[in-house]
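# Structure assessment
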Amino acid sequence: MESCPAIKNILLLDSEGKRVAVNYYSDDWPTNAAKEAFEKAVFAKTQKTNARAEAEITMFDNYIVVYKFAQDLHFFVTGSDNENEIILASVLQGFFDAVGILLRGNVEKKESLENLDLILLCLDEIVDGGIVLETDANVIAGKVASNSVDSGAPLSEQTISQALATAREHLARSLLK
């Protein structure tokens, strides 16, 4: 496993450093308090930088952190201090671009919270157990979109947002009759 690139975590925080979506793939932070402390510290270290046009790289507590900002969202990918920065940056860019595709370019906190299921599926498509599976944003977004259930499926197999959309559709149809 030593030669295989490994991701420690992927973080999506808001403009105040609070969690939107996070996924940890290592036991480096054994408790939720340790994870939140890491998130707060990384956010505090990077918030004054301008990582909007392209990704920035920093060392923090013997970890390499690659990050990028969009609107009121902060994207982070963390790897060990001997990890390849290019791999970490490609994971970050894949996540960033896939979220942009899935949110139809409206990459902001409110929209991301409304589509949190898609973002969490996106994280699952990119990394599994710390191992990078995919970095191509179009492939990631395509897999996430194909995993979403169509409106003809039983409500028990739909996500909450899909079930609400289906209910709205049925209500609209019944009102129009």
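Just so it is clear, the structure is predicted and the values come from calculations on it, not from any experiment.

Thresholds applied
Residues numbered from 1 in each chain as written. Predicted model: local features only at pLDDT ≥ 70, side-chain atom pairs only at ≥ 80, totals over all residues. Heavy atoms only, no water. Salt bridge = Lys/Arg side-chain N within 4 Å of Asp/Glu carboxyl O. Helix = DSSP H or I, 4+ residues; strand = E, 2+ residues; numbered from the N terminus. Buried < 20%, exposed > 50% of the residue type's maximum accessible area, 1.4 Å probe, protein only. Phe/Tyr/Trp six-rings, centres within 6.5 Å; stacked < 30°, edge-to-face > 60°. Pairing = 2+ DSSP bridges.

## Some remarks on the pattern of salt bridges
- For the structure shown, the criterion picks out four salt bridges.
- Salt-bridge contacts for K8 lead to D28; the nearest nitrogen and oxygen are separated by 3.2 Å. Taken together, the residues span a long stretch of sequence, with K8 in the segment before β1 (9–14) and D28 in the loop between β2 (19–24) and α1 (32–46) at a distance of 20 residues.
- For K8, a relative accessible area of 18% puts it in the buried group.
- Residue class for D28 comes out partly exposed when judged on its relative accessible area of 33%.
- When the shortest N-O distance is used, the salt bridge between K110 and E114 registers 2.8 Å. Here K110 pairs with E114, and both are found in helix α3 (residues 109–114), just four residues apart, close to one helical turn.
- A relative accessible area of 54% means that K110 is categorised as exposed.
- For E114, a relative accessible area of 44% gives the class partly exposed.

## Focus: the packing of aromatic side chains
- Following the criterion strictly, the structure yields ten aromatic pairs and no others.
- Consider the rings of W29 and Y63, whose centres lie 5.0 Å apart with planes at 35°: the pair is tilted. Taken together, the residues W29 in the loop between β2 and α1 and Y63 in strand β4 (residues 63–70) connect sequence positions 34 residues apart. Like W29, the residue Y63 is buried in the burial classification.
- Judged by centre distance (6.5 Å) and plane angle (65°), the rings of F69 and F76 are edge-to-face.

## Some remarks on the pairing of strand β5 (residues 73–80)
- For β5, a buried count of eight out of eight residues is recorded, marking the element as mostly surrounded by other parts of the structure.
- The pairing of β1 with β5 spans six bridges and is antiparallel. Bridge pairing in β5 links I10 to V77.
- Relative to β5, β4 runs antiparallel, the two sharing eight bridges. When the sheet's bridge partners are listed, V66 is paired in β5 with V77.
- Following β4, the chain reverses through two residues before pairing antiparallel with β5; Q71 in that reversal takes a positive phi of roughly 50°.

## A look at the pairing of β2
- In terms of strand pairing, β1 meets β2 through five bridges, oriented antiparallel. Residue L12 lies in a different strand from β2, and its bridge partner there is A21.
- Counting the residues between successive antiparallel strands, the hairpin from β1 to β2 contains four residues, one of them, G17, with a positive phi of roughly 85°.

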